[in-house]
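Letter by letter, the chains look like this.
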Amino acid sequence: MASAEHPGSPGWTAPVAQSMAGTKQAASATVPDLPHPGLEEDSDTDSSPSPNSSMTTRELQEYWRNEKCCWKPVKLLFEIASARIEERKVSKFVMYQIVVIQTGSFDSNKAILDRRYSDFERLQKNLLKSFGEEIEDVPFPRKHLMGNFTQEMISERKLAFREYLSLLYAIRCVRRSREFIDFLTRPELKEAFGCLRAGQYTKALDILVHVVPLQEKLTGHCRVTVVPALCAMLVCHRELERPLEAFAAGERALERLQAREGHRYYAPLLDAMIRLAYALGKDFVSLQERLEESQLRKPTSRGFTLKELTVREYL
């Protein structure tokens, strides 16, 4: 007979739900003020282990050793594989297919993206606001009044955009910027989270499995950036009744959060992992203790579930 102290049993209530019972009703009445999704190295004030963390000295040393290994830069190669002319009811434009490959070894997760001239132009304008001096020598192909759809112009632009992306990536502050990373990942992430909100979990996963590897390559310096997308994968797998895949996605997210107890995903992710671990017959007790200790050190003001957090991303 299941005990009321165990997840999944009739009388069991998650630690988050217990500690947040008094605030849940108020929280549901308002939309939470969540940080902008994407890079979090500026907004995540608790990006390092808490001084009150329960980690031992040896565990902390191992944590920083692993972090140092993760900072090893990834070299990416940009190619404009093809270009096609698309016509809509009121517009006509060229869509460029960007292929992003990790150099130095075989890359089984190469990213393929579609961007039009206006997307590149928007990136250039955004970068000029923050990195005008750094990119002053990076040439950007100008738009012409006529001849934009000739094969000669399209071929010329393909080479120009390849050089443009390669030069931007060579500038450290630019390749780590929100503007550059958003250009390469935000449209796909926004579509994936839109599918998640609409209950189209299979379609959301199809997008996430392609964009998350690229996001990981671009944000090795700030590994928590990919946590929302990994949590979205967990939610999609769970809703599709794939607990093993959901648990695997959650483990990847937890590994990136490490001891960041103040991160908005920390408690909801642990709560979801406790339930999955119990359902799969895995060790849920250590996860539950970790969550309870975190709540004692730093009580959370709102008890949102993991799904409630993910559906608010990229609105």
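See above for the structure.
In this report, we go over the structure that sits alongside the text. (Residues numbered from 1 in each chain as written. Predicted model: local features only at pLDDT ≥ 70, side-chain atom pairs only at ≥ 80, totals over all residues. Heavy atoms only, no water.)

Focus: the packing of aromatic side chains
Turning to step 1, where the next piece is worked out: According to the stated counting rule, one finds 12 aromatic pairs in the structure shown.
Turning to step 2, where the next piece is worked out: Pairing Phe-120 with Phe-183 gives two aromatic rings, centres 5.1 Å apart and planes at 55 degrees, and the pair type is tilted. Of this pair, Phe-120 sits in helix H4 (residues 117-131) while Phe-183 sits in helix H7 (residues 178-197), and the two are 63 residues apart along the sequence.
Turning to step 3, where the next piece is worked out: An aromatic cluster is defined as three or more aromatic residues linked by ring pairs; in this entry it consists of Tyr-96, Tyr-117, Phe-120, Phe-140, Phe-161, Tyr-164 and Phe-183.
Turning to step 4, where the next piece is worked out: Positioned above the aromatic ring of Tyr-169, the side-chain terminus of Arg-175 is 5.4 Å from the ring centre. (Phe/Tyr/Trp six-rings, centres within 6.5 Å; stacked < 30°, edge-to-face > 60°. Helix = DSSP H or I, 4+ residues; strand = E, 2+ residues; numbered from the N terminus. Lys NZ or Arg CZ within 6 Å of the ring centre and 35° of its normal.)

Details of the packing of helix H9 (residues 227-239) against helix H11 (residues 266-280)
Turning to step 1, where the next piece is worked out: Following both chains from N to C, one finds H9 and H11 inclined at 35 degrees, their axes separated by 12 Å at the closest point. Along this stretch, H9 crosses H11, giving a crossing that reads as left-handed. Where H9 abuts H11, its residues Cys-231, Leu-234 and Arg-238 lie against Leu-269, Ala-272, Met-273 and Leu-276.
Turning to step 2, where the next piece is worked out: Residue composition of the contact of H9 with H11, by class: 6 nonpolar, no polar and 1 charged. (Axes fitted to C-alpha atoms, helices over the stretch in contact; angles between N-to-C directions. Left-handed = near helix turned anticlockwise from the far one by under 90°. Contact = heavy atoms within 4.5 Å. Nonpolar A, V, L, I, M, F, W, Y, C, P; charged D, E, K, R; others polar.)

Re the environment of Arg-116
Turning to step 1, where the next piece is worked out: The residue Arg-116 is located in strand S3 (residues 111-116) in this model.
Turning to step 2, where the next piece is worked out: Along the chain, Arg-116 and Ala-83 lie 33 residues apart, while their C-alpha atoms are 9.2 Å from each other.
Turning to step 3, where the next piece is worked out: Filtering out sequence-adjacent residues up to four positions away, Arg-116 remains in contact with Phe-93, Val-94, Met-95 and Tyr-96.

What to know about the packing of H11 against helix H12 (residues 285-297)
Turning to step 1, where the next piece is worked out: One can describe the packing of H11 onto H12 by two numbers: an axis separation of 9 Å at closest approach and a directional angle of 155 degrees. Here H11 is positioned roughly antiparallel relative to H12, judged by the angle of their axes. Taken as a pair, H11 and H12 cross one another with a handedness that is left-handed. On H12, the residues touching Tyr-266, Ala-267, Leu-270, Asp-271, Met-273, Ile-274 and Ala-277 of H11 are Leu-287, Gln-288, Arg-290, Leu-291, Ser-294 and Gln-295. (Parallel < 35°, antiparallel > 145°, perpendicular 65-115°, else oblique.)

Side note on helix H5 (residues 151-169)
Turning to step 1, where the next piece is worked out: An ideal rise of 1.5 Å per residue puts 27 Å on 19 residues; H5 measures up with 27 Å between its terminal C-alpha atoms.
Turning to step 2, where the next piece is worked out: Its buried side turned inward, H5 meets strand S1 (76-87), strand S2 (92-102), H4, helix H6 (172-175) and H7. (Expected span 1.5 Å × (residues − 1).)

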